[in-house]
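Fold and geometry: a report
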Amino acid sequence: EPEVTQTPSHQVTQMGQEVILRCVPISNHLYFYWYRQILGQKVEFLVSFYNNEISEKSEIFDDQFSVERPDGSNFTLKIRSTKLEDSAMYFCASNLASWDNQPQHFGDGTRLSIL
Amino acid sequence: AQTVTQSQPEMSVQEAETVTLSCTYDTSESDYYLFWYKQPPSRQMILVIRQEAYKQQNATENRFSVNFQKAAKSFSLKISDSQLGDAAMYFCAYRGPSGANSKLTFGKGITLSVRP
């Protein structure tokens, strides 16, 4: 069964540095998402992306965050200047359509640790 | 704004027994979708079961079934014949109607332990 793949599985970065988290969604999917989960807390929506533009973003997704689909297969999340509170598990998800009951398929996540 | 509430932080079940995990939600929409995701210690997010609000029939997937009460805005997950591999964090999630409202809103999750 096709999967959403995320790299790296664990990223350790110094505070203030830029970090790019990478995702390869399922190949025929059209809608892409980033979520984060701070340790011990619930999964929170960050941003959704369709047709090469952001569809919706949450309050968390401020100017330090950006997303990109640079080459038609990768979907990246960039954090420009990381803060300690950015330490979390980041999940990429994709689905074929936003309507009907198409579920979002999640990657295994990238654990981001900010030192 | 939509909210999802999972009020039980932890539950425990004996292997082979049945357990029910509770979830309530709040929405002003009439058409929406509900999901249960499982997150084992490996931290993956695995879809367990889904329910469309317009369907009166409760969804079933093998040992997993839901009790969907639309009027009460309740969406509980029943796990029958519990197995050790069912031990995980379980998240209830809501998704609104099609189009711009396609994000998932998650509850806080419930940690399920299975006793051998």
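Read on for an overview of the structure. (Residues numbered from 1 in each chain as written. Chains lettered and ligands numbered in written order. Predicted model: local features only at pLDDT ≥ 70, side-chain atom pairs only at ≥ 80, totals over all residues. Heavy atoms only, no water.)

1. Observations regarding the packing of aromatic side chains
Here is the rule: Only the six-membered ring of Trp is used, alongside the rings of Phe and Tyr, when aromatic pairs are assigned; centres must lie within 6.5 Å, and planes under 30 degrees apart are stacked while those over 60 apart are edge-to-face, with the rest tilted. Comment: elements are numbered from the N terminus, with helices defined as DSSP H or I runs of at least four residues and strands as E runs of at least two. Note on exposure labels: buried denotes an accessible area under 20% of the residue type's maximum, exposed denotes more than 50%, and partly exposed covers the range between, all computed with a 1.4 Å probe on protein chains only.
Scanning all chains against the criterion turns up 20 aromatic pairs over all chains. Residues Phe32 of chain A and Phe75 of chain A carry aromatic rings whose centres are separated by 5.5 Å and whose planes lie at 40° to one another, so their mutual orientation is tilted. Of the two residues, Phe32 of chain A sits in strand β4 (residues 31–37) while Phe75 of chain A sits in strand β8 (residues 75–79), which places them 43 residues apart along the sequence. Accessibility assignment for this pair places Phe32 of chain A and Phe75 of chain A in one class, buried. Centroid distance Phe91 of chain A to Phe106 of chain A: 6.2 Å. Interplanar angle 80°. Geometry classified as edge-to-face. Of this pair, Phe91 of chain A sits in strand β9 (residues 88–95) while Phe106 of chain A sits in strand β10 (residues 105–106); the two residues are 15 residues apart in sequence, bridging distant segments of the chain. The same class applies to Phe91 of chain A and to Phe106 of chain A, which are both buried. Joined through ring pairs, the aromatic side chains of Tyr33, Tyr35, Phe45, Phe91 and Phe106 of chain A together with Phe35, Tyr37, Phe91 and Phe106 of chain B make up one cluster.

2. Things to note about the interface of chain B and chain A
Going by this rule: When checking whether two residues touch, look at their non-hydrogen atoms; a contact exists if any pair is within 4.5 Å. A pairing counts as a salt bridge when a side-chain nitrogen of Lys or Arg comes within 4 Å of a carboxyl oxygen of Asp or Glu. Nitrogen and oxygen atoms within 3.5 Å of one another constitute a polar contact, given that in protein one can donate a hydrogen and the other can accept it, and given that sequence-neighbouring residues count only through two side-chain atoms.
Between chain B and chain A, the residue contacts involve 23 residues of the former and 22 residues of the latter. In this structure, the connection of chain B to chain A is made through one salt bridge. The tally of links between chain B and chain A comes to seven residue pairs in polar contact (both at pLDDT 80 or more). Of all the secondary structure elements, the ones that give two or more residues to the side of chain B that touches chain A are β5 (33–39), β6 (46–52), β10 (88–95) and β11 (104–106) of chain B.

Any functional reading would require information beyond the geometric quantities listed.
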